Amino acid sequence: MAHIRVQKDPFDVAQELAALQKKGADMGALVSFTGLVREFDDDRRITKLTLEHYPAMTKRQLHAIAAEAEARFSLVHCRVIHRFGPLHPGDPIVLVITAARHRKAAFEGAEFLMDWLKTKAPFWKKEESSNGSQWVAAQESDDLAAQKWTAPTVKPNGQ
Amino acid sequence: MAHIRVQKDPFDVAQELAALQKKGADMGALVSFTGLVREFDDDRRITKLTLEHYPAMTKRQLHAIAAEAEARFSLVHCRVIHRFGPLHPGDPIVLVITAARHRKAAFEGAEFLMDWLKTKAPFWKKEESSNGSQWVAAQESDDLAAQKWTAPTVKPNGQ
Amino acid sequence: MITCLYFAWVRERIGCDEESLSPPSEVGNLHQFLDWLSRKSAAHAHALSDPTILRFAINQDYATMDSPIKKGDEVAIFPPVTGG
Amino acid sequence: MITCLYFAWVRERIGCDEESLSPPSEVGNLHQFLDWLSRKSAAHAHALSDPTILRFAINQDYATMDSPIKKGDEVAIFPPVTGG
């Protein structure tokens, strides 16, 4: 079963990888994705990023999407940690870890979860930069990335 | 510049991630792939896996492919560690870490490097299992995975 | 009674993060609810003026304009998400 | 002189991991080299009997049947790789 956390505190990638490996099942591939606060967004130098979220919806939907990822990519396990609150350049925001028998499934599971987090998870970033304070705009490229996962996975006539 | 190591000793993913992050450049996405010795291959229970390699060729080619990955996916950095010698189920074999401004590049860079390692890096696995001792056969699926990267990256007429 | 939650700049424009609302009985779906809500104050009208740049959830699931709304529901209004 | 390296089951079938070889001057490419090498012993013939299941490198770069071979080269013969 997936392990999901939404928290203010930092996370330790090594500790999370170790915890997942302890699940001990027969895994051949482990992928981790860490999202970090960048120092620059276009030309703006970021001084602070504040993440707001909708806890009840995040919790409910993250469990559902993680279960879907586990089933769809035959993941042995997955782990998602997302932070909220004030963050600074270099700080980790999000961690996704997937474990599978083979590397393709582990990579695809992690990308699927990240595309979902970017387009559906109810988090909003407010950025303080050299240009003042502003809410970060959603990226069209993220929507396009997420769309590829909605293609049918079962082809007609068993092909 | 890429950091490449081929070694008998285990590696510590946390330490490698920390070393890469210390490069301090403006990275927003960090992907790690760890390949582990599986306990079962089809129905065979693996007791030991011995990796043989061709050191001069590995070293020469790994530096070239890592430089290509950095250029092609605009990676801020990448790190590849591959082990040789005797290994056992659960042991890590290979680690690829990529850092980029955006997640797509970090994911693609890591997959590109892994596909290359699977199909071109001069390593060979000998497996000891409940069925005796045998050299592991190359997978056609690995060749197919690697082929997608040979498609032209620059489209005609600047499209 | 309907609990209505606001996030990010929607929250800032409306000036609060949560309201308990009692729309009239003819409000049966999200479209009708937004119509009614946007007449509540100038701040509401401003925040909800362009629904195409907003996203909605009812009871923590994404909702569309024709999604039904009933007493006891939790409605959330927010800009497109920017997490991850 | 040519240094020839063998890996994995090619090494096991030939019975050594490295040989120093002096092929005659008419051996100018990889195809001719393999022809000549496979006549060296029964073990060589057995290891090299099906070149389609082998891979080759000259001076640490992948090579094909028409790749030129010259004095001082390092030739490597091995099965398809299985690293990663």
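- Labelled according to an unreviewed UniProt entry, chain C appears under the name Molybdopterin synthase sulfur carrier subunit, originating from Iodidimonas muriae.
- Under the UniProt heading Sequence similarities (unreviewed entry), the entry covering chain C gives this text: "Belongs to the MoaD family."

**Quick notes on the confidence of the model for chain C**
And step 1. Averaged over every residue, the pLDDT of chain C is 97; residues scoring 70 or more account for 100%.
And step 2. The complex prediction reports pTM at 0.91, with the ipTM value standing at 0.91.

**Thoughts on the sheet that holds strand β1 (residues 2-6) of chain D**
Residues and elements named next belong to chain D.
And step 1. Pairing within the open sheet is mixed, and its 5 strands lie in the order β2-β1-β5-β3-β4. Of all strands in the sheet, those with a lone pairing partner are β2 (18-21) and β4 (61-62), marking the two edges.
And step 2. Pairing of β1 with β2 involves 4 bridges; the strand directions are antiparallel. By the bridge assignment for β2, C4 is matched with E19.

**Remarks on the relation of the copies chain A and chain B**
And step 1. Least-squares fitting of chain A to chain B yields an RMSD of 0.0 Å, with the transformation described by 0.0 Å of translation along the axis and a rotation of 180 degrees. Both copies of the chain, as the preceding transformation shows, are related through a two-fold rotation axis.
And step 2. Of the interface residues in chain A, 100% have counterparts in chain B that sit at the interface too, so the contact is made through matching surfaces.

Definitions and limits used
- Residues numbered from 1 in each chain as written.
- Chains lettered and ligands numbered in written order.
- Predicted model: local features only at pLDDT ≥ 70, side-chain atom pairs only at ≥ 80, totals over all residues.
- Heavy atoms only, no water.
- UniProt positions renumbered as here; feature names shortened; annotations may be inferred.
- pLDDT = per-residue confidence, 0-100.
- Pairing = 2+ DSSP bridges.
- Helix = DSSP H or I, 4+ residues; strand = E, 2+ residues; numbered from the N terminus.
- Least-squares fit on C-alpha atoms with pLDDT ≥ 70 in both.
- Contact = heavy atoms within 4.5 Å.

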